[in-house]
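Observations on the model geometry
Residues per chain are reported as follows:
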Amino acid sequence: MTRIKLLLLASTMGIATACGNTADGAKEDTKNAAEATSEAAASMGSSMDAAGETADVKTALMADTTVDASDVNVDTNKETKTVTLNGSVKSEAQKARAEAIAKQQATGYSVVNNLIVR
């Protein structure tokens, strides 16, 4: 009978220890998940900021009647604070105007003008 009690006590302590470890593990998992979520949100925010800059520049290019922006692609890199214009326009004047518009819209960014005149 004493052996059964000892076995039962040992089993109970083992289960209690396992539950305690599980609770600590769950707390750690929750902390890790919160950190990962925070990092993902920050990364997403940065991407959305870059997308906003891209949209602002493209919208301004399309609104300007002196630039045919139908073949202009705008890429923005938030980390390097760079706006890149790719594609083609019909004249040197349109190329220069597109760059000026990009600089005006993306304050604080450098503009790389890769537009080709066709």
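The shown structure was predicted, so the numbers you read here are calculated from the model rather than taken from an experiment. For every chain, the first residue of its written sequence is number 1, and the numbers climb from 1 along that sequence. Since the coordinates come from a predicted model, pLDDT governs what is reported: local features require at least 70, and pairs of side-chain atoms require 80 or more to be given and counted, while whole-chain, interface and lining totals use all residues. In computing side-chain properties, one takes all heavy atoms of the structure into account and sets aside hydrogens as well as water.

**A closer look at the pattern of salt bridges**
Applied cut-off: The rule for a salt bridge is simple: a side-chain nitrogen of Lys or Arg has to be within 4 Å of a carboxyl oxygen of Asp or Glu. The numbering of helices and of strands both runs from the N terminus, where a helix is a DSSP run of H or I of at least 4 residues and a strand a run of E of at least 2. Only protein chains enter the accessibility calculation, which uses a 1.4 Å probe; a residue is then buried when its area is under 20% of its type maximum, exposed when over 50%, and partly exposed in between.
Summed over all chains, the structure comprises 3 salt bridges. Between Lys 90 and Asp 68 there is a salt bridge, with its nearest N and O atoms 3.4 Å apart. Residue Lys 90 is found in the loop between strand 2 (82–89) and helix 2 (92–105), and its partner Asp 68 is found in the loop between helix 1 (2–63) and strand 1 (72–77); the two are separated by 22 residues along the sequence. Lys 90 gets classed as exposed once you look at its relative accessible area, which sits at 56%. Between Glu 99 and Lys 103 there is a salt bridge; the shortest N-O distance is 3.1 Å. With a gap of 4 residues between them, Glu 99 and Lys 103 both fall in helix 2, about one helical turn apart. Given a relative accessible area of 46%, Lys 103 falls into the partly exposed group.

**Comments concerning the environment of Ala 100**
Assignment of secondary structure puts Ala 100 in helix 2. A relative accessible area of 37% means that Ala 100 is categorised as partly exposed. Residues Ala 100 and Leu 61 lie 39 residues apart in sequence; the distance between their C-alpha atoms is 9.8 Å.

**Quick look at the confidence of the model for the protein chain**
Any segment with low pLDDT has predicted coordinates that should not be analysed in fine detail. This is how the line gets drawn: As a per-residue measure, pLDDT reflects the predictor's confidence and takes values from 0 up to 100.
Per-residue confidence for the protein chain averages 79 on the pLDDT scale, and 59% of its residues sit at or above 70. Ranking the elements of the protein chain by mean pLDDT puts helix 1 last, at 65, and strand 4 (residues 116–117) first, at 98.

**Here we look at the pairing of strand 2**
Selection rule: The criterion for strand pairing is that DSSP finds at least two bridges linking the strands in question. For a crossover, the right-handed case is the one in which the path from the first strand over the helix to the second runs clockwise, viewed with the strands pointing away from the viewer.
Burial of strand 2 is extensive: 6 of the 8 residues sit out of reach of the surface. Hairpin connection between strand 1 and strand 2: a loop of 4 residues separates the two successive antiparallel strands, and Lys 81 in this loop has a positive phi of roughly 50°. The handedness of the strand 2 to strand 3 (residues 110–113) crossover, carried by helix 2, is right-handed. Two strands pair when backbone bridges link them, and strand 2 and strand 4 are joined in this way by 2 bridges, in the parallel orientation. Bridge assignment links Val 89 to a residue of strand 4, and that residue is Val 117.

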